[in-house]
Amino acid sequence: MSEKVKAPKEPLFSKKNKRLVVEPLDDNNPVTIQVLGICSALAITVSIEQALVMTGSVLFVLGAGNMIISMLRNLIPSRIRIIVQLVVVASLVIIVNEVLKAFMPDVAEKLSVFVGLIITNCIIMGRFEAFAMANKPWPSLLDAIGNTVGYGVILVLVSVFREIFGSGKFFGMTLFGDRIEGTGAYSVGYMDNNFIILAPFALFAVGIIIWIQRARNTKLIEEH
Amino acid sequence: MAINKDSNGYTFIFAIALVVVVGAGLAAISIGLKPFQDKNVEIKKKMDILAAINAKEINGSDTLDISRKNAEKLYEKHILVDECVVIGSDGKERDLEAFDVDIKKQYRDKNLSWCDRDYPLYVAEVDGAKKYIIPVVGSGLWGPIWGYIAVDDDKETIYGATFDHKTETPGLGAEIKQEFYYTQYVGEKISGGIKSVKDGTGKEVGNGKVDGITGGTITSKGVEEMVNRTLEVYVKYFKG
């Protein structure tokens, strides 16, 4: 059928494949460099638990989606490829939602709207279109893992800060005493900063992370 | 390959095949998980009912709040399932199982007038005394609000209340969920109706007034309407 000479089989963790995982963590981070997935980074970084559950859900949707799209990449008619990608994301999100509702109802209640919002997470469609449509399933999976972890790291960083200084908690444990009864640090006049809980603060936090990252890694600074 | 992937025929066939496969898969998952989800909804309902009588699990020296883990056990302990009834707007009992009545669904049904709705009444026992738990449902500013009101065994004084909402504004209308709001209802009488006021007199117990929420007037009024509309039916029933 084909007369091409088959290239020697690539090892599973070749240099190129490792780069797929490592690059999105820093040099090509989906949130701070590509500025994708910001909407969810604003919405669910109020508590660490929510950030982790969101990362887990995205990992499943992006991992499975990237592999499905990659396997179908030679079959998908290019004229309807965006619709096909959308169908894949949407059905995976429905599966996540149904599973959460059945087995983790408390988390499902808290995340209710945001799980649906995974569909609109630009990282997912972005990776489908930019990577999975042109690569084999295995590299696609690695790409998904790398990007989700890169996304998750930023979410967790922001949420740790917001949970500690916004609600005085870490993973739901109170840190500075009881706010309502005024014990612990609250008795000497410490106040939680309510602004930190609001969505705009997450934007500041992401901005600060971008600043620190570029100051440390000057090759990321674009020239004008 | 011989197939032209850009042809209309191929595109159509691919789209149809995709939809059929995805549709069937999702339907199967949904049906498979339904029993688990229904169970969770049921437990949530039991938790809400128990919250009205402020039930706690006492485990040695620890008192534990209601959670999904102990809801079933507490429900069995406190709720007298055989005495729960469903009444109609005329104050007569109806032959239905209280727990199975979905008052939210009936409230949404525009073809069902308020006098045709079913009104379930749960009977609970706390420290040897009987409490009557009345579910209420109404409209807030953005969407549905609901709650449970527990009445003492004199069938007149409110023993406890709890409210919840779907989409009220956080910090404003959504505050009906908070303790400071719903504990105002404790001690009020059900027969005279309960007014939502703005002058701060709601703090006094037993004057038939509760303080509304600043910036949440429409939600507060929604709670007022929901509570009074529903309590009227039960007052009629309690008086026999």
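Computed from a predicted structure; not experimentally measured.

Q: How would you sum up the side chain of Arg214(A)? Please name residues and give values.
A: Residue and element names in this part refer to chain A. Counting through the fold element by element, Arg214 comes out in helix α9 (residues 199-216). With relative accessibility at 15%, the residue Arg214 sits in the buried group. Excluding anything up to four places from it in sequence, Arg214 contacts Thr32, Ile33, Leu220, Ile221 and Glu222.

Q: So, the packing of helix α3 (residues 48-72) of chain A against helix α6 (residues 122-130) of chain A: which residues are in play, and what are the values?
A: Residues and elements named next belong to chain A. Packing of α3 against α6 brings their axes to within 10 Å, and their N-to-C directions diverge by 20 degrees. With respect to each other, α3 and α6 are oriented roughly parallel. Considering how the two elements wind past one another, α3 and α6 form a crossing that is right-handed. Across the interface between the two elements, Val58, Val61, Leu62, Gly65, Asn66 and Ile69 from α3 touch Ile123, Ile124, Arg127 and Phe128 from α6. Residues that form the contact of α3 with α6 fall into these classes: seven nonpolar, two polar and one charged.

Q: Talk me through the side chain of Thr230(B); I want residue IDs and the actual numbers.
A: Inspection of the secondary structure puts Thr230(B) in helix α5 (residues 217-238). Apart from the residues lying within four places of it in its own chain, the contact partners of Thr230(B) are Tyr119(B), Ile134(B), Pro135(B) and Val136(B).

Q: Mind laying out the sheet that holds strand β4 (residues 93-94) of chain B, listing which residues take part and the relevant values?
A: Residue and element names in this part refer to chain B. Within the open sheet, the six strands sit side by side as β4-β3-β5-β6-β7-β8. Their pairing is antiparallel. In this open sheet, the two edge strands, each paired with only one partner strand, are β4 and β8 (158-165). Bridge analysis of strand β6 (residues 129-139) against strand β7 (residues 144-151) gives eight bridges, and the strand direction is antiparallel. Within the sheet, the bridge partner assigned to Ser139 lies in β7 and is Pro144.

Q: Requested: an account of the pattern of salt bridges, with residues and values cited.
A: According to the stated counting rule, one finds 15 salt bridges over all chains in the structure shown. Measuring nitrogen to oxygen at the nearest pair gives 3.9 Å for the salt bridge that ties Arg19(A) to Glu23(A). Among the ionic pairs, Glu225(B) bridges to Arg229(B), the shortest N-O distance being 2.8 Å. Here Glu225(B) and its partner Arg229(B) are both found in helix α5, four residues apart, which amounts to about one turn of the helix. Overall, Glu225(B) belongs to the partly exposed group, its relative accessible area being 38%. Several salt bridges converge on common partners, so that one network encompasses Lys39(B), Glu42(B), Lys46(B) and Glu72(B).

Q: Tell me about the interface of chain A and chain B, residues and numbers included.
A: Every contact between the two is made by 21 residues of chain A and, on the other side, 19 residues of chain B. Summing both partners gives a buried area of about 1,800 Å² for chain A against chain B, and 64% of it is carried by carbon and sulfur. Scanning the region where chain A abuts chain B turns up one salt bridge. Of the charged contacts, one joins Arg68(B) and Asp106(A) as a salt bridge, the two residues approaching to 2.9 Å between their closest N and O atoms. Where chain A packs against chain B, one counts six residue pairs in polar contact (both at pLDDT 80 or more). Those elements that place two or more of their residues in the side of chain A that touches chain B are α4 (81-103) and α5 (105-117) of chain A. Top element by residues in the side of chain A that touches chain B is α4(A). It accounts for 10 residues.

Q: Outline empty space enclosed by the protein, supporting the account with residue identities and numerical values.
A: The rolling of a water-molecule-sized probe over the atoms marks out the regions of remaining empty space. The full count for this structure, using the stated rule, is two cavities of 30 Å³ or more. In this model, the largest cavity occupies a volume close to 100 Å³. If you list the elements that add at least two residues to the lining of the largest cavity, you get α3 (103-108), β5 (119-126), β6 and α5 of chain B. Together, Glu49(A), Gln50(A), Val53(A), Val107(A), Lys110(A) and Leu111(A) line the second largest cavity. Among the elements of the structure, α3 and α5 of chain A are those that each provide at least two residues to the lining of the second largest cavity. Taken together, the residues that form the lining of the second largest cavity break down as three nonpolar, one polar and two charged.

Q: Any details on the pairing of β6(B)? Residues and values, ideally.
A: Residue and element names in this part refer to chain B. Judged by how many residues are buried, β6 sits mostly within the fold: eight of 11 residues are covered. Bridge count between β5 and β6: five bridges; the pairing is antiparallel. Within β6, the residue paired with Ala124 across the bridge is Lys131. The antiparallel hairpin formed by β5 and β6 contains two residues in its connecting segment, where Asp127 sits at a positive phi of about 50 degrees. Joining the antiparallel neighbours β6 and β7 is a turn of four residues.

Q: Summarise the packing of aromatic side chains; cite the residues concerned and give the values.
A: Per the counting criterion, the structure on display carries 14 aromatic pairs over all chains. Ring centres of Phe161(A) and Phe165(A) lie 4.8 Å apart, and the angle between their planes is 45 degrees; this geometry places the pair in the tilted category. In this pair, Phe161(A) and Phe165(A) both sit in helix α7 (residues 137-167), four residues apart, roughly one turn of the helix. In this structure Phe165(A) comes out as partly exposed when scored by relative accessible area, which is 36%. When the ring of Phe163(B) is compared with that of Tyr185(B), the centres are 5.2 Å apart and the planes differ by 65 degrees; the resulting orientation is edge-to-face. Here the residue Phe163(B) occupies a position in strand β8, and Tyr185(B) occupies one in the loop between α4 (179-182) and β9 (195-197), the gap between them amounting to 22 residues. As far as the burial class goes, Phe163(B) and Tyr185(B) line up, both buried.

Rules of the game
What you see as residue numbers is a count from 1 along each chain, following the sequence as written. Chain labels run from A onward and ligand labels from 1 onward, assigned in the order the entries are written. The predicted nature of this model means local features are confined to residues of pLDDT at least 70 and side-chain atom pairs, given and counted, to a pLDDT of 80 or more, with totals for whole chains, interfaces and linings taken over all residues. Just so you know, side-chain values use all the structure's heavy atoms and leave hydrogens and water out. Put simply, DSSP H or I for four residues or longer makes a helix, DSSP E for two residues or longer makes a strand, and each gets a number counted from the N terminus. The cut-offs for exposure are 20% and 50% of the maximum accessible area for each residue type, with area from a 1.4 Å probe on protein chains only; residues under the lower value are buried, those over the upper are exposed, and the others partly exposed. When checking whether two residues touch, look at their non-hydrogen atoms; a contact exists if any pair is within 4.5 Å. Axis lines are fitted through C-alpha atoms, for helices just across the contact stretch, and the angle between N-to-C directions can take any value from 0 to 180 degrees. An angle below 35 degrees is read as roughly parallel, one above 145 as roughly antiparallel, one from 65 to 115 as roughly perpendicular, and any other as oblique. Crossing handedness: left-handed means the near helix sits turned counterclockwise from the far one by under a right angle, and right-handed means the same turn made clockwise. All amino acids are sorted into three groups, where Ala, Val, Leu, Ile, Met, Phe, Trp, Tyr, Cys and Pro are nonpolar, Asp, Glu, Lys and Arg are charged, and the leftover types, Gly among them, are polar. Strand pairing is assigned whenever DSSP detects at least two bridges linking the two strands. Salt bridges are counted wherever a side-chain nitrogen of Lys or Arg sits within 4 Å of a carboxyl oxygen of Asp or Glu. Computed with a 1.4 Å rolling probe, the buried area is the accessible surface lost when two parts are put together, summed over both parts. Throughout this description, a polar contact denotes any pair of N or O atoms lying within 3.5 Å of each other; where both atoms belong to protein, one of them has to be capable of donating a hydrogen while the other can accept it, and for residues adjacent in sequence the pair is counted only when both atoms sit in side chains. Cavity: a set of points on a 1 Å grid over the protein atoms alone where a 1.4 Å probe fits but cannot get out. Pocket: an open set with protein on both sides within 12 Å along at least five of seven lines, its lining residues, like those of a cavity, having an atom within 4 Å of a point. Grid points are joined across faces, edges and corners, and a volume is the space filled by probe spheres set on the points. Pairing of aromatic rings covers Phe, Tyr and the six-membered ring of Trp, with a centre-to-centre limit of 6.5 Å; geometry is then stacked below 30 degrees between planes, edge-to-face above 60, and tilted otherwise.

Everything listed is a geometric property; what it means functionally is a separate question.
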